[in-house]
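# Coordinate inspection notes
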Amino acid sequence: MHWLSRLPASRAGSAGRQLSSLGGRLLLFIGAAIVFTALLQGALAYRNALVQTDALFDYQMQQTAFALRAGLPVDAKGRPEGTPEEDENHELIVQVWTNEGLRIFESALGAALPQMAVLGFADVRARGTTYRVFSLQTRSQVIQVAQDMRVRRALAREAAWRSLLPIALLAPLLALAVWLVVRRSLAPVQRVRHELAARQPEDLAPVPEQGLPDEVRPLVAELNALLLRVGQAFEAQQQFVADAAHELRSPLAALQLQLQVLRKAPDAAAHAQACERLAAGIDRAKRLVEQLLDLARQETQGLPLQELPLVDLAQVVAQALADTAVAARQKDLDLGLGEELARMRPFGLRGDAQALRTLVRNLLDNAIKYVPAGGRVDLRWRSDAQGRALIVEDSGPGIDPAQRAQVLRRFMRGAGAGQVPGNGLGLAIVQAIATRHGARLVLDASPTLKGLRVQVIWPRVED
């Protein structure tokens, strides 16, 4: 079982948050690095101190032996008369022998060191311990300097531990300095966090980037860009709700009035006429709600364009023509498919098939509504150096050039709309769909049919 699962919920959550925070991770990893480095440096310093101390003691023994090379009188003795044995120093022993093997000096009587020793350094067992012995031969004497290894090692360890004292003192100070640096470096991030936490839901102002580290500034810049997009979407949504409430008020009031007329109908003929008008009003209200939902759906950004699937636009156009064929027959219109479009090979276009079908159907619906009975509506395709365009043109009254940009806005209709029923949402929906699919909408006069020509133009794709 994981150790976090054995902690209380509050402690486990706190530990999880600490490990997941950037500051906590930095402190954990840097602290671990400091501890590891301090231990490694301490081990190396301890070993080096032992080696250096051992070398220093050997050097002192050599120098002691060299100091006695001048020689001693033959009758030299070691301990003066009357010196107590307990005052003798058995930790460092000096003995001098003649070349004939006669011991002429000893610093401690009864040291019991061997009379013959290897010249140079050697380890010798004596008096229940081990001595480090250095032997030097001169022309007339052999000088021996011996040191008890127990004392030697104790002094070396003491010197080694003293060498660790600066590391033990500096490691906590280094950890404290790292903690202060990490905390100070992350202070701007904490400032941004507290500022965002204190905001109200409707406060979408950009976050100040002053004083932020270079590694954090791009993240805050992307956050500000997101806040800007959310603010624009929120503003558009508020405007949409306000417009929808305003536009729905009139059809609902008309339905209520028609319901009152239906209730007060004096005879069967008036009752039937009121029912017919009420049904027509319900159809108009239904159409308005459907268009409002379509517009809201298209203005809400979904997947990025590059993540949308490939769509066969020829099939989308065929479905839209089938959807509007009945309305065109009712007005005896010539709903034609241009030769270029009829002969075009199926091609791939990234997009939302249902949205593109709505785009084509709305263009055809608008043309069918405004073209007089017996008129003509053509759908064709153009591909050239400027791009690829889906074109819908008609023989209707067209739109005045000064009003073409205006009719692309929601609930706006041209001055020539007259008594043609509509809500002013058809071209706004087409504009939203075209923008979402990376296309642009162009309204101008049809050179052949003399009515309105609408072009949905996609940038040209290089093969």
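Residues numbered from 1 in each chain as written. Predicted model: local features only at pLDDT ≥ 70, side-chain atom pairs only at ≥ 80, totals over all residues. Heavy atoms only, no water.

### Section: helix H9 (residues 353-370)
Two residues of an α-helix separated by three or four positions point the same way, owing to the 3.6 residues in each turn. Selection rule: What counts as a helix is a DSSP run of H or I of at least four residues, what counts as a strand is a run of E of at least two, and both are numbered from the N terminus. By this rule, a helix spans an expected 1.5 Å times one less than how many residues it contains. For every residue, the accessible area obtained with a 1.4 Å probe (protein chains only) is divided by the maximum for its type, and the residue is called buried under 20%, exposed over 50%, and partly exposed between those limits. N or O atoms closer than or at 3.5 Å make up a polar contact, with two conditions inside protein: a donor-capable atom paired with an acceptor-capable one, and, for residues adjacent in sequence, both atoms drawn from side chains.
Its 18 residues place the ends of H9 26 Å apart at the C-alpha level, agreeing with the 26 Å of an ideal helix rising 1.5 Å per residue. Within H9, burial applies to Ala355, Leu356, Thr358, Leu359, Val360, Arg361, Asn362, Leu363, Leu364, Asn366, Ala367 and Ile368. Its side-chain oxygen at 3.1 Å from the backbone nitrogen of glutamine 354, aspartate 352 defines the N-terminal cap of H9.

### Thoughts on the nonpolar core
Heads up, the condition is: Here, nonpolar core means buried Ala, Val, Leu, Ile, Met, Phe, Trp, Tyr and Cys residues that are tied together by side-chain atoms lying within 4.5 Å of each other. Contacts were defined at the residue level, with two residues in contact if any of their heavy atoms lie within 4.5 Å.
Within the largest apolar cluster, 45 residues are counted, with the highest numbers of intra-cluster contacts made by Leu313, Leu356, Leu359, Leu363, Leu443, Val456 and Trp458. Broken down by secondary-structure element, the contributors of at least two residues to this core are helix H6 (268-299), helix H7 (313-330), H9, strand E9 (376-384), strand E10 (387-394), helix H10 (426-436), strand E11 (440-445) and strand E12 (452-458). Examining the composition of this core, we find that 8 residues originate from one element, H9, more than from any other. Dropping the residues within four chain positions of it, leucine 356 is found in contact with Val311, Leu313, Val316, Leu349, Ile433, His437 and Trp458.

### Some remarks on a nonpolar patch on the surface
Rules: Residues enter patches when they are more than 30% accessible in relative terms and free of salt bridges; like-charged ones are connected within 9 Å and nonpolar ones (Val, Leu, Ile, Met, Phe, Trp, Tyr) within 5 Å. Only the protein chains shown count as cover for residues, and the accessible areas themselves come from Shrake-Rupley with a 1.4 Å probe. The salt bridge criterion pairs a side-chain nitrogen of Lys or Arg with a carboxyl oxygen of Asp or Glu, the two atoms within 4 Å.
Taken together, the side chains of Leu27, Leu176, Trp179 and Leu180 present a nonpolar region at the surface, about 350 Å² in accessible area. No other element matches the 3 residues that helix H3 (residues 149-185) contributes to the nonpolar patch. Position of leucine 180 among the secondary structure elements: in helix H3. Relative accessible area serves as the criterion here: at 46%, leucine 180 is assigned to the partly exposed category.

### A few points about the packing of aromatic side chains
Applicable threshold: Think of it this way: a Phe, Tyr or Trp ring, Trp meaning its six-membered ring, pairs with another when their centres are within 6.5 Å, and the plane angle makes it stacked under 30 degrees, edge-to-face over 60, tilted otherwise.
Inspection of every chain in the model, using the stated rule, returns 2 aromatic pairs. A ring pair is formed by phenylalanine 66 and phenylalanine 134, whose centres lie 6.4 Å apart and whose planes are at 90 degrees; its orientation type is edge-to-face. Separated by 68 residues along the polypeptide, phenylalanine 66 in helix H2 (residues 22-67) and phenylalanine 134 in strand E4 (residues 129-137) bring together distant segments of the chain. Phenylalanine 66 sits in the partly exposed class, given a relative accessible area of 30%. Given the relative accessible area of 6%, phenylalanine 134 is considered buried. Three or more aromatic residues joined by ring pairs make a cluster, and in this case those are Phe66, Phe121 and Phe134.

### A word on unusual backbone geometry
Even without a glycine there, the phi angle at aspartate 332 is positive, about 55 degrees. Locating aspartate 332 in the fold gives a position in the loop between H7 and strand E7 (334-337). Of the residues examined, aspartate 332 reaches a relative accessible area of 57% and is grouped as exposed. One non-glycine residue, lysine 450, adopts positive backbone phi at about 70 degrees. Relative to the helices and strands, lysine 450 resides in the loop between E11 and E12.

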